[in-house]
Amino acid sequence: MASGFDTTPEQQAGQLHFLKSQILETKAPVLTRKDADLSGQTAIITGGNVGVGLEAASQLLQLGVSKLILAVRNEQSGQAAAKSLLVSRKDGPQKVEVWKLNLSEYASVMAFAERVGKLEARPDIVLLNAGIICAKPTFNPLTGHDEDVQTNYLSTVLLLILLLPILKAKPSAAIAAKNPVPHISVVSSVLAHWSKFDERSADPLLPAFDAKPTSNWNMEERYSASKLLALIFCSELARRIPREVAIINAPTPGLTYGSSFMRQTAGTVLGFIIGIYYRIFGHGTNVGASQVLAAAVRAGPESHGQFLENGKLRP
Ligand SMILES: NC(=O)c1ccc[n+]([C@@H]2O[C@H](COP(=O)([O-])OP(=O)(O)OC[C@H]3O[C@@H](n4cnc5c(N)ncnc54)[C@H](OP(=O)(O)O)[C@@H]3O)[C@@H](O)[C@H]2O)c1
């Protein structure tokens, strides 16, 4: 067993572990202000308009975060989310801003990072939550890359890299005594562990994902591989970035119903079956969000470069 983990990589990648983790294991609780007081802090959530991201936004506001940036591709949906988040907030001035970010376009990613660079204070929490699973082969018209790989890996890690120097250079707006080490959490999935990753020996690697499929499309495998690529990237990046600059980790929300994640299968027989599966084995977005916030808010330097599940470090 790898040191520091309560399970082996082989067990972690197995269905039995997944069922135990979903059904039996205690989940990281919803944090309260006693656990973490985020007043003064700034947070960014990509894909904060729906699903796990929206619920995480709500939980961050409960923790007192002063400024929350919802980074969304659909600004109308983002504004509706911001409105719904602020409706129930009564304790003090908290700002929720909606910023355009389309991970399908590098120009949008770069413009977003440039805008973050113009903030007086750095973001203290960055939750790179936006993600997609394509039910059919989908290729990005601008880059030619597979859209899962584009969104979940390439654009997400580009944003991460562009934000790092900003986090390093700028002070936190939180008072000095509470000056936190910034956290960047890249939302992952246990499916990263399930990926067969048949492309592993392709050299160069990325074009192997750009080829149009000649046989049956396996949407789960492609999504899983895109999440695995992001996970490997985080693990390698953490070796190069001191944990004092930013704690970079990769939490999974766990199987979560109530989000729009499987939207592309809606109205199909497969979508119906998946819906039942999610309801039996999954949990709601409030639980999914508290799993990712356990990493983005609470996890310490030991989580740098690590995958987290139910608030625990896992291989
Ligand atoms: N639900 C699960 O069981 C589960 C399990 C493990 C991991 N995850 C991960 O958890 C994260 C959140 O998923 P969710 O379940 O909350 O799904 P969701 O409700 O579909 O939310 C996904 C978010 O990503 C955004 N997004 C997708 N493509 C984008 C792009 N090109 N540019 C900008 N934003 C984009 C979506 O924006 P729009 O609203 O505009 O489409 C939405 O805000 C994802 O990373 C997912 O892979 C989910």
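Treat the numbers as computed from the prediction; the structure is a model and nothing was measured.

When helices and strands are counted, the protein shows 11 helices and 8 strands. Referenced to the eigenvectors of the C-alpha coordinate spread, the extents of the protein come out at roughly 55 × 45 × 40 Å. The 315 residues of the protein split such that 54% are buried. For the protein, the proportion of contacts with a sequence separation of at least 24, taken over those separated by at least 6, is 80%.

Right, let's get into the pairing of strand 6 (residues 247–252). Burial runs high along strand 6: 6 of the 6 residues are buried. Strand direction decides the pairing type here: strand 5 (residues 183–186) and strand 6, joined by 3 bridges, are parallel. Pairing of His183 across the sheet is with Ile247, part of strand 6. Bridge count between strand 6 and strand 7 (residues 307–309): 3 bridges; the pairing is parallel. Its bridge partner lying in strand 7, Pro251 is registered against Leu308.

Surrounding the ligand, one finds 29 residues, the nearest of these being Asn49, Asn129, Tyr223, Ser259 and Arg263. The separation between a nitrogen atom of the ligand and a polar side-chain atom of Asn102 is 3.3 Å. Between the ligand and Leu103 there is a distance of 2.8 Å, counted from a nitrogen atom to a backbone nitrogen or oxygen. Relative to its unbound accessible surface of 900 Å², the ligand loses 96% to contact with the protein. Where the shell around the ligand is concerned, the elements lending two or more residues are helix 3 (51–62) and helix 9 (219–240). Its residues assigned to classes, the shell around the ligand shows 11 nonpolar, 15 polar and 3 charged.

Here we come to the packing of aromatic side chains. By convention here, two paired aromatic rings are described through the distance between centres and the angle between planes. Using the criterion set out here, one finds 6 aromatic pairs in the structure. On the numbers, 6.4 Å between centres and 65° between planes, the contact of Tyr277 with Tyr278 is edge-to-face. Under the relative-accessibility criterion, Tyr278 is labelled buried at 14%. We note Arg115 situated over the ring of Trp99; from NZ or CZ to the ring centre the distance is 4.0 Å. Positioned above the aromatic ring of Tyr257, the side-chain terminus of Arg279 is 4.0 Å from the ring centre.

We now examine a nonpolar patch on the surface. There is a patch of nonpolar side chains on the surface, built from Val269, Phe272, Ile273, Ile276 and Ile280 and spanning about 540 Å² of accessible area. Following the sequence through the fold, Ile273 ends up in helix 10 (residues 269–281).

Positionally, Arg279 belongs in helix 10. Taking relative accessible area as the criterion, Arg279 reaches 57% and is therefore assigned exposed. When the C-alpha atoms of Arg279 and Gly117 are compared, they prove to be 41 Å apart, with 162 residues separating the residues in sequence.

Here we take up the sheet that holds strand 1 (residues 42–46). What the 8 strands build is an open sheet, ordered 3-2-1-4-5-6-7-8; its pairing is mixed. The sheet is open, and its two edges are formed by strand 3 (95–100) and strand 8 (312–314), each paired on a single side. Each neighbouring strand pair of the sheet contributes to a mean axis angle of 25°, computed without reference to strand direction. Examined bridge by bridge, strand 7 and strand 8 share 3 bridges and lie antiparallel to one another. Residue pairing in the sheet places Glu309 in a bridge with Lys312 of strand 8. On top of the sheet, helix 4 (residues 75–87) reaches strand 2 (67–72) and strand 3; it is set at about 170° to strand 3, its chief contact.

Cut-offs applied
Residues numbered from 1 in each chain as written. Predicted model: local features only at pLDDT ≥ 70, side-chain atom pairs only at ≥ 80, totals over all residues. Heavy atoms only, no water. Helix = DSSP H or I, 4+ residues; strand = E, 2+ residues; numbered from the N terminus. Buried < 20%, exposed > 50% of the residue type's maximum accessible area, 1.4 Å probe, protein only. Contact = heavy atoms within 4.5 Å. Pairing = 2+ DSSP bridges. Near = heavy atom within 4 Å. Polar contact = N/O pair within 3.5 Å; in protein donor to acceptor, adjacent residues only side chain to side chain. Areas by Shrake-Rupley, 256 points an atom, 1.4 Å probe, with all protein chains shown as cover. Nonpolar A, V, L, I, M, F, W, Y, C, P; charged D, E, K, R; others polar. Phe/Tyr/Trp six-rings, centres within 6.5 Å; stacked < 30°, edge-to-face > 60°. Lys NZ or Arg CZ within 6 Å of the ring centre and 35° of its normal. Patch = residues over 30% accessible without salt bridge, like charges linked within 9 Å, V, L, I, M, F, W, Y side chains within 5 Å. Salt bridge = Lys/Arg side-chain N within 4 Å of Asp/Glu carboxyl O. Axes fitted to C-alpha atoms, helices over the stretch in contact; angles between N-to-C directions.

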